[in-house]
Amino acid sequence: MDPHLLPHLLEGTAGPRRAWAGWLGLLGLALALLALAGPSTGKRAQPLWQSRQPLVVALDLSSAMLAHDLPPSRLVQARAKLATLLRERCGGEVALVVFAQDAYTVAPLTDDAANVALFIDALSPDVMPADGQQPARAIAWSQRLLQQAGFAHGDILLLTDHADAAALAAATKARAAGYAVSALGVGRAQGGVFAGPGGLAQARLDAGSLQALAVAGGGRYQTIAVGDADLRALGVLRPGHAAGVASGQAAQAWRDDGYWLLPLVMLCVLPLFRRGAALAVLLVVAAGWPAPPAIAQAAAPPAAAQAPRGTLWQRADQVAYARRLEGVAAYRRGDYATAIARFSGLPDADGQYDLGNALAQAGHYDEALAAYDRALRLRPGMPDALYNRKLVAAARQQRSSSPSSSASPSSGNATPPRSGSGQPSPGQNAQGRDKGGKNATGKGGASPSAPAQGRSGAQTGGKTPDGPPQPSQPSPEQARAQAQADAAQRARMQQALQGRPAQVAPAQPAPGSRAETAEERERRLANQAWLQRVPDDPGALLRARLQLEARRRVEAGGP
């Protein structure tokens, strides 16, 4: 084993601090087990019963629902009643089925009544694939939905105006399977006229047949009325009440208060996630202390900088890594003062090497040479430090020989381009010199890369090394367009202040663009008029879905 790796692989004996942290972890484990046991300090009320009684609403969407014996129409009244049912129902899943010549599922069983209510506006006879009145198929289809959902018991509510013999037979079969069939009569006994497929027709409410349907299905019958009294009488708003089940009863159960122990558990195990367990426990209520301030000025002696210390939530190496990243970011954007302050507190060889690069770019050659010397003492023979130290020493000597020159080694006048003399600027390491033409990066992927050679005005987009960037002058066309826009804005504001409606000037074509021709304007207006004629049809999607389902049934050999 290499001697310099051996100390990092050997683990010493556990000291008193590490043993104390282990006992604290055991205490946290004991508190966690106690919390999981569910200690209790009191009781709370707990309901004994919760309804899961499902309901399938089968709505008649035949053309008879367009009759006006219930103003404005049966369909409007049925929609309003369905909205009240979905809004006022407490507990239990709900499904929506529509039927005419055949029955179709609009919304399957769900405990989200708002999801079913989304389809109310789309319900109309024209979404059905074929007209007719087959309540028997609606009852059978509703029974199938309940069975597929795994419910042995449930309610079926039929909204229509009459029931035939087939419907009575279907209700009897559903009752034998455990499902109650109720009916809500839609319409009046005197009837109303509607426009059917064969012309005008009349539809009347046959309350007797619907009452017989409710008796055969083991449910209840009500005639549609204003308010929710009819729905309450049917027992569909509060499922379970119609069967005599009391849902308001509750019992006193012991309350689980074990979660109050979790903060103590977290405090006990917190020291196990970082070094310095005793220190973390003592300062657990503190916000932590910052690392010692680094050298704020480049002229301060870097040797006086202290190594980063850990905070409450970070180790010393984590603090040093964060400072290194901040220094790299500051170096790359040219903020060498901040980079010097960040790198000054890093005691390792890489940190001192990066500090030397930043000092050299800032023109502090003596401090940069000292930083390179410290890096070489920590890591003898470091090729990058040796190379950059030689360049900085040459730049320092050149500045001493010509006092009028104050350029840093990274400027275009200090060192010629590498293509001319083969000497890169300080901040480039030996690896960059060998590859030729690439700026160097620091050790370990954290050191900053040196700026590009020659920051001339042509290379920086109009910037000079010692002056701010010069703003670009607008063209005469842009200035004229801006003046026109300002004048129009002032005119609109003046009209608004005087209480007159602002007259919007026609849009002016942009400079350089051609004006709209008469043919293009006519085509644009025609397209706008065509888009405005698109009808608002909320039931288009539902109609297409039901037609596809009807086609699939016919292809499968159904009716």
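Residues numbered from 1 in each chain as written. Predicted model: local features only at pLDDT ≥ 70, side-chain atom pairs only at ≥ 80, totals over all residues. Heavy atoms only, no water.

Focus: the sheet that holds strand E6 (residues 179–185)
Move 1: Taken together, the six strands give an open sheet; going across it, the order is E4-E3-E2-E5-E6-E9, and neighbouring strands pair in mixed fashion. The open sheet is flanked by strand E4 (103–110) and strand E9 (218–223), the only strands paired with a single partner. Neighbour to neighbour, the strand axes of the sheet diverge by 15° on average, direction disregarded.
Move 2: Bridge count for strand E5 (residues 154–160) against E6 is seven bridges, and the pairing is parallel. Its bridge partner being in E6, Thr 160 is matched across the sheet by Gly 185.
Move 3: Sitting on the sheet, helix H3 (residues 74–88) is in contact with strand E2 (55–60), strand E3 (94–99), E5 and E6, with an inclination near 170° to E2.
Move 4: Packing against the sheet, helix H7 (residues 207–217) makes contact with E5, E6 and E9, and its axis sits at approximately 155° to E9. (Pairing = 2+ DSSP bridges. Helix = DSSP H or I, 4+ residues; strand = E, 2+ residues; numbered from the N terminus. Axes fitted to C-alpha atoms, helices over the stretch in contact; angles between N-to-C directions. Contact = heavy atoms within 4.5 Å.)

Concerning the environment of Met 1
Move 1: Inspection of the secondary structure assignment puts Met 1 in the segment before helix H1 (6–9).
Move 2: Residues in contact with Met 1, not counting those within four places in the same chain, are Leu 6 and Leu 9.

Digging into unusual backbone geometry
Move 1: The omega torsion of the bond from Pro 71 to Pro 72 falls at 0°, within 30 degrees of zero and hence cis.
Move 2: In this fold, Pro 72 is placed in the loop between E2 and H3.

What about a nonpolar patch on the surface?
Move 1: A grouping of Met 1, Leu 5, Leu 6, Leu 9 and Leu 10 is seen on the molecular surface, where their side chains present a nonpolar patch of about 530 Å² in accessible area.
Move 2: Mapped onto the elements of the fold, Leu 9 is located in helix H1.
Move 3: In this structure Leu 9 comes out as exposed when scored by relative accessible area, which is 56%. (Patch = residues over 30% accessible without salt bridge, like charges linked within 9 Å, V, L, I, M, F, W, Y side chains within 5 Å. Areas by Shrake-Rupley, 256 points an atom, 1.4 Å probe, with all protein chains shown as cover. Salt bridge = Lys/Arg side-chain N within 4 Å of Asp/Glu carboxyl O. Buried < 20%, exposed > 50% of the residue type's maximum accessible area, 1.4 Å probe, protein only.)

Examining the side chain of Ser 63
Move 1: The topology assignment puts Ser 63 in the loop between E2 and H3.
Move 2: Of the residues examined, Ser 63 reaches a relative accessible area of 11% and is grouped as buried.
Move 3: At a separation of 2.7 Å, a polar atom in the side chain of Ser 63 contacts the side chain of Asp 131.
Move 4: Ignoring any residue separated from it by four or fewer positions in sequence, one finds Ser 63 in contact with Pro 125, Asp 131, Phe 194, Ala 195, Gly 196 and Pro 197. (Polar contact = N/O pair within 3.5 Å; in protein donor to acceptor, adjacent residues only side chain to side chain.)

Observations regarding the pairing of E5
Move 1: Burial runs high along E5: seven of the seven residues are buried.
Move 2: Across the two faces of E5 the burial is the same, with Gly 154, Ile 156, Leu 158 and Thr 160 and Asp 155, Leu 157 and Leu 159 all buried.
Move 3: Note: E2 against E5, five bridges, orientation parallel. Across the sheet, Leu 59 pairs through a bridge with Leu 159, a residue of E5.

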